[in-house]
Amino acid sequence: MTGYTMLRNGGVGNGGQPWVLRWSSRIRLTWLSFTLFVILVFFPLIAHYYLTTIDDADDAGKRIFGPRTGNELCEVKHVQDLCRIRESVSEELLQLEAKRQELNSEIAKLNLKIEACKKSIENAKQDLLQLKNVISQTEHSYKELMAQNQPKLSLPIRLLPDKDDATFPLPKSNRNCRLHNCFDYSRCPLTSGFPVYVYNSDDYPFGSSLDPLIKQAFEATVRTNVYVTENANIACVYIILVGEMQEPIMPKPTELEQQLHSLPYWRTDGHNHLIINLSRKSETQNFIYNISTGRAMIAQSTFYDAQYRPGFDIVVSPLVHAMSEPNFLEIPPQVPVKRKYLFSFQGEKIESLRSSLQEVRSFEEEIEGNAPADYDDRIITTLKAVQDSKLDFVLVEFTCKNQPKASLPTEWALCGERDDRLELLKLSTFALIITPGDTRLVISAGCTMRLFEALEVGAIPVVLGEQVQLPYNDVIRWNEAALIIPKPRITEVHFLLRSISDNDLLAMRRQGRFLWETYFSTSDNVFSTVLAIIRTRIQIPAAPIREEPAVEIPHRSGKAAGTDPNMADNGDLDLGPVETEPPYASPKYLRNFTLTAMDIYRNWNSAPGPFHLFPYTPFDPVLPSEAKFLGSGTGFRPIGGGAGGSGKEFQAALGGNVPREQFTVVMLTYEREEVLMNSLERLNGLPYLNKVVVVWNSPKLPSEDLLWPDIGVPIMVVRTEKNSLNNRFLPWDEIETEAILSIDDDAHLRHDEIMFGFRVWREARDRIVGFPGRYHAWDIPHQSWLYNSNYSCELSMVLTGAAFFHKYYAYLYSYVMPQAIRDMVDEYINCEDIAMNFLVSHLTRKPPIKVTSRWTFRCPGCPQALSHDDSHFHERHKCINFFVKVYGYMPLLYTQFRVDSVLFKTRLPHDKTKCFKFI
């Protein structure tokens, strides 16, 4: 206890020194441990740093611990052998790599040679196939020529008349004039082209008396007619306009007769002359009756029986729209079929009226027999009874509210102004036309004016009096557009009108509208119809309608067209032929000089007119001239027809009644060169393709460095005058086939689809056959038509962006269809495909045909088209409603018919010879 105290107090005692020693020993031990720790920790670090610094020295010779080079290692004896082996192996590997590269280069060269050989073989095969096809085509042509077994025809010797015409026979009387005794055929050879010489009325005194509007309209029409010639020495027919004349300055009959006889080419009797007396008013007088016209033909609206020579003179329609085109928007629609009034009539009969006929002393002497009974009183009584019965709404007025128009004796005069009469006819289903009580008056200007107005607004004419000679009656089937009823049947008229069905009413109204538009509406139509009647009577073929001359844009070709795998992948259907033919144009029409003689009364719209302006019959395939009998029970088969067989044999040839035929692709494009080139390349190897006509619709020419593909057939690039979608349907002279495939530059079709469409079109040549189907629908809330592109099992249109049609429709679309429709297409830059569907359905009364189940055909990745614009569908709605107004009704027809191919999947045993097809 004491020691412990001393230690804490720092004192020294007996035990103090040992404690110091122990403390001292402990300090030395701690110092030693610390020293060992520093040596063991810091020395390795220092050594490591030092060694690292030495190894990083630039001088390789100062390295002590760094890696040594191979040579230094090789200095070691036991590794020298290994180094030599490594160097030897490396050298051998380098040599092998060089040999491998050399062999690969040789293999690539050999592969190129193999490809070149294969291409040469393919080209040789193609050349061989073309030679075989040329030989086959030549043999086929030779067989056709041998089968015809008829001498080669050459143009006949042109007939030239004698200047004196001394040998021309004289008829007993001018009233007995017919073509065989009053017309000089020697002036009109078949190959003459029907030249017509028109006198200038201003060169003669009576020209100052002509109605200015009629004279101006007549002169404008003459300037544009294809038959008019200025060389009178070669003319077939000579025409002189003598009316309508203005009464205050009208020349006396004797003066007019002297002026006519003094015409330079009258030749004493006026043969081959046509005197035209056009009427613009209902009160036009028949002053030509007082004139000796000799052998000249007469064309006017008023004829007496003693004056009219059937088959020689011509009853013409009045010239109401002399210098103006009819406004289609003011013409009422053809539907609804039944209107407010069942029938209507307004007129007043004036017995005493000055007439040029009454001034002729010889007139009474020429009338033989007594006049027939006058049924006008019975007609008035019967019609008033029908009106009073109120069974139907009818309107009959036999007294004019205002002063009636001037008229001939026993003729019913017109009441009111033209606009008032048209408003009444727009409300009438039928329009009564009562012929003059004097049956010797076979037609009058008043009757023709009533007929004109009725047809114009869609009121079906009901003519009371079967003795009437309606305009162009020898070539127009008036029973298809009007009712001609004898006056004694007046009591049965009401029953007859009520018994006609709505379908028949619409058909008659539509035919009447067609007749009015084609032969009555304008001065050009009237003059062309008169010339066409004379030309048809003397059996001269019409002048060919003009084709659009194609101005080619020079372009470079030679780029090898590739093969699109999508085009080649046709599945299990191979609709193309085994061999392809070189370009082969459709056979020319062979009935140019026999059409007028054989088919004048067979055509449904018999009268010659704009639809008969060219010697070309639509949809009449040129069949072989002979047929051979195959034996009992097998019937007739044209030479060159199909041989039957299963689908495999059938797909190898076109077959059918026209086994040799091709089509032309017409492709409209506008500044999309890359898309166009891709589309053209996809046509490479397409069977039965004659040529491709590219309609370049841009004012900017193609790039000079643009290289066009070589697809095996000619590519014609056509320049257009303006950017118009109507250019798609121009009848280009470069189109030598009847079949046209109209296709957009971005349409994506496989070859088997195109071939199938072509085969279907050959079975229905008068219709549009294509792929994208659309339909129209009636919008009940807005009471208008709509265009619909939704998927549907029913359709009424096939878009012409991918469709086949006959070239005949290209002529009609460009030259016959109302100009108002083409103007709207240009205004909207839209709707040309709808317009073509309207036209074809209007003419054929058939819907188009859709093939395959595909609905869209646009290529992926192509630039945006016009159809993608937001206003596209709105404009198409407007187009449909405007086209309906122009045509007067909706011509489009619905169909649920679609054609898909099962024919080519037919498999038959070898012992079977027939192939039935169900499509």
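Parameters at a glance
- Residues numbered from 1 in each chain as written.
- Predicted model: local features only at pLDDT ≥ 70, side-chain atom pairs only at ≥ 80, totals over all residues.
- Heavy atoms only, no water.
- Axes fitted to C-alpha atoms, helices over the stretch in contact; angles between N-to-C directions.
- Helix = DSSP H or I, 4+ residues; strand = E, 2+ residues; numbered from the N terminus.
- Parallel < 35°, antiparallel > 145°, perpendicular 65-115°, else oblique.
- Contact = heavy atoms within 4.5 Å.
- Nonpolar A, V, L, I, M, F, W, Y, C, P; charged D, E, K, R; others polar.
- Buried < 20%, exposed > 50% of the residue type's maximum accessible area, 1.4 Å probe, protein only.
- Disulfide = S-S within 2.5 Å.
- Core = buried A, V, L, I, M, F, W, Y, C linked by side-chain atoms within 4.5 Å.
- Salt bridge = Lys/Arg side-chain N within 4 Å of Asp/Glu carboxyl O.
- Phe/Tyr/Trp six-rings, centres within 6.5 Å; stacked < 30°, edge-to-face > 60°.
- Lys NZ or Arg CZ within 6 Å of the ring centre and 35° of its normal.
- Pairing = 2+ DSSP bridges.
- Patch = residues over 30% accessible without salt bridge, like charges linked within 9 Å, V, L, I, M, F, W, Y side chains within 5 Å.
- Areas by Shrake-Rupley, 256 points an atom, 1.4 Å probe, with all protein chains shown as cover.
- pLDDT = per-residue confidence, 0-100.

**Looking at the packing of helix H20 (residues 807-816) against helix H22 (residues 832-844)**
Then comes step 1: Across the interface, H20 lies against H22 with an axial gap of 11 Å and an inter-helix angle of 110°. Classified by the angle between their axes, H20 and H22 sit roughly perpendicular to one another. Each of Tyr809, Leu812 and Tyr813 in H20 lies in contact with H22, whose residues at this interface are Glu832, Ala835, Met836, Leu839, Val840, Leu843 and Thr844.
Then comes step 2: Broken down by class, the residue content of the contact of H20 with H22 amounts to eight nonpolar, one polar and one charged.

**Description of the environment of isoleucine 234**
Then comes step 1: With respect to the helices and strands, the residue isoleucine 234 is situated in the loop between helix H6 (212-224) and strand E2 (237-243).
Then comes step 2: Relative accessible area serves as the criterion here: at 38%, isoleucine 234 is assigned to the partly exposed category.
Then comes step 3: Separated by 46 residues in the primary sequence, isoleucine 234 and cysteine 188 have C-alpha atoms spaced 8.8 Å apart.

**Thoughts on the state of the cysteines**
Then comes step 1: Overall, the coordinates contain four disulfides when judged by the stated rule.
Then comes step 2: Across a sulfur-sulfur distance of 1.6 Å, cysteine 188 and cysteine 236 are joined as a disulfide pair. Since a negative S-S torsion denotes a left-handed disulfide, the cysteine 188-cysteine 236 link at about 95° is right-handed. You can see cysteine 188 sitting in the loop between helix H5 (179-182) and strand E1 (196-198) and its partner cysteine 236 sitting in the loop between H6 and E2, a full 48 residues away along the chain. Judged on exposure class, the residue cysteine 188 and its partner cysteine 236 are both buried.
Then comes step 3: The side chain of cysteine 831 participates in a disulfide bridge whose partner is cysteine 879; the two sulfur atoms lie 2.0 Å from each other. Around the S-S axis, the bridge from cysteine 831 to cysteine 879 shows a dihedral of about 80° and counts as right-handed. One end of the pair, cysteine 831, is in the loop between helix H21 (819-828) and H22; the other, cysteine 879, is in helix H23 (residues 872-887), with 48 residues separating them in the sequence.

**Quick look at the packing of H21 against H23**
Then comes step 1: At a minimum axis distance of 10 Å, the contact between H21 and H23 shows a crossing angle of 170°. Classified by the angle their axes make, H21 and H23 are roughly antiparallel. Facing Ala820, Ile821, Met824, Val825 and Tyr828 of H21, the residues of H23 in contact are Glu875, Lys878, Cys879, Phe882, Phe883, Val886 and Tyr887.
Then comes step 2: Residue composition of the contact of H21 with H23, grouped by class: ten nonpolar, no polar and two charged.

**Some thoughts on the nonpolar core**
Then comes step 1: Grouped together as the largest cluster of nonpolar side chains are 134 residues, with contacts concentrated most on Phe194, Ile239, Tyr472 and Phe883.
Then comes step 2: In terms of residue count, H23 provides more of this core than any other element does, seven residues in total.
Then comes step 3: Ignoring sequence-local partners within four residues, the contact set of phenylalanine 194 consists of Tyr227, Cys236, Val237, Leu531, Ile534, Arg535, Ile538 and Ile540.
Then comes step 4: By size, the runner-up hydrophobic cluster in this structure holds 40 residues, among which are Met677, Leu689, Phe756 and Ile849.

**Things to note about the pattern of salt bridges**
Then comes step 1: This structure, assessed with the given rule, holds 36 salt bridges.
Then comes step 2: Between aspartate 502 and lysine 338 there is a salt bridge whose closest N-O contact spans 3.7 Å. Of this pair, aspartate 502 sits in helix H13 (residues 502-520) while lysine 338 sits in the loop between strand E6 (314-315) and strand E7 (341-346), and the two are 164 residues apart along the sequence.
Then comes step 3: You can call aspartate 502 partly exposed: its relative accessible area is 38%.
Then comes step 4: Given the relative accessible area of 52%, lysine 338 is considered exposed.
Then comes step 5: Among the salt bridges present, the one from arginine 421 reaches glutamate 453, with a minimum N-O distance of 2.7 Å. Of the two residues, arginine 421 sits in helix H10 (residues 418-426) while glutamate 453 sits in helix H11 (residues 445-457), which places them 32 residues apart along the sequence. No difference in accessibility class separates arginine 421 from glutamate 453, as the two residues are buried.

**Here we look at the packing of aromatic side chains**
Then comes step 1: Under the definition given, this model contains 33 aromatic pairs.
Then comes step 2: Ring geometry for phenylalanine 729 versus phenylalanine 805: centroids 5.7 Å apart, planes at 75°, classification edge-to-face. Separated by 76 residues along the polypeptide, phenylalanine 729 in the loop between strand E22 (715-719) and strand E23 (739-744) and phenylalanine 805 in strand E28 (residues 802-806) bring together distant segments of the chain.
Then comes step 3: Looking at phenylalanine 729, the relative accessible area reads 0%, which means it is buried.
Then comes step 4: Put simply, the rings of Tyr197, Tyr199, Tyr204, Phe206, Tyr238 and Tyr265 pair up and form one aromatic cluster.
Then comes step 5: Residue placement shows arginine 762 over the ring face of phenylalanine 758; its charged tip is 6.0 Å from the ring centre.
Then comes step 6: Above the plane of the ring of tyrosine 787 lies arginine 876, whose end atom (NZ or CZ) is 4.4 Å from the centre.

**Notes on the environment of isoleucine 754**
Then comes step 1: One can find isoleucine 754 in helix H19 (residues 751-763).
Then comes step 2: Taking the C-alpha atoms as reference, isoleucine 754 lies 9.0 Å from alanine 803; in sequence the two are 49 residues apart.
Then comes step 3: Ignoring sequence-local partners within four residues, the contact set of isoleucine 754 consists of Phe663, Leu683, Leu686, Leu741, Leu749, Phe771 and Phe804.

**Here we look at the sheet that holds strand E27 (residues 797-798)**
Then comes step 1: The strand order across the open sheet built from three strands is E26-E25-E27, with neighbouring strands paired in antiparallel fashion. Bordering the open sheet on either side are strand E26 (784-788) and E27, each of which pairs with just one other strand.
Then comes step 2: Pairing geometry for strand E25 (residues 773-779) and E26, over five bridges, is antiparallel. Among the inter-strand pairings, tryptophan 778 is bridged to a residue of E26, identified as tryptophan 785.
Then comes step 3: Its contacts with the sheet place H23 against E25, E26 and E27, and it is angled at close to 130° to E26.

**Notes on the sheet that holds strand E13 (residues 460-464)**
Strand pairs in the sheet, formed through backbone hydrogen bonds, run parallel or antiparallel to each other.
Then comes step 1: The sheet built from five strands is open, its strands ordered E9-E7-E11-E13-E14 with parallel pairing. Each having just a single partner strand, strand E9 (395-397) and strand E14 (483-485) make up the two edges of the open sheet. The sheet shows a mean angle of 20° between the axes of neighbouring strands, direction not considered.
Then comes step 2: Sheet topology places E7 next to E9; three bridges connect them, and they run parallel. By the bridge assignment for E9, glutamine 346 is matched with glutamate 397.

**Structural notes on a nonpolar patch on the surface**
Then comes step 1: Taken together, the side chains of Leu32, Leu36, Phe37, Leu40, Val41, Phe42, Leu45 and Ile46 define a hydrophobic patch exposed on the protein surface, amounting to about 820 Å² of accessible area.
Then comes step 2: Looking at where isoleucine 46 falls in the secondary structure, it is placed in helix H2 (residues 16-55).
Then comes step 3: On the basis of relative accessibility, which here comes to 56%, the residue isoleucine 46 falls in the exposed class.

**Notes on the side chain of aspartate 833**
Then comes step 1: With respect to the element layout, aspartate 833 can be found in helix H22.
Then comes step 2: With residues near it in sequence (within four places) discarded, aspartate 833 still touches Leu799, Thr800 and Arg876.

**A few points about the pairing of E25**
Then comes step 1: Counting buried positions along E25 gives five out of seven residues, so the element sits mostly inside the fold.
Then comes step 2: Here E25 folds back onto E26, and the loop between the two strands holds four residues, one of which, glutamine 783, carries a positive phi near 50°.

**Structural notes on the confidence of the model for the protein**
Then comes step 1: Residues of the protein with pLDDT of at least 70 account for 76%, and the chain-wide mean is 80.
Then comes step 2: A low-confidence stretch, residues 60-65 (pLDDT under 50), is modelled with six contacts involving residues beyond four sequence positions or located in other chains.

**Some details on unusual backbone geometry**
Then comes step 1: A cis amide bond, omega 20°, links glycine 243 with the succeeding residue glutamate 244.
Then comes step 2: Positive phi is not limited to glycine here, since glutamine 539 has a value of about 65°.
Then comes step 3: Take glutamine 539: it is sitting in the loop between helix H14 (523-537) and strand E15 (551-552).
Then comes step 4: With relative accessibility at 38%, the residue glutamine 539 sits in the partly exposed group.

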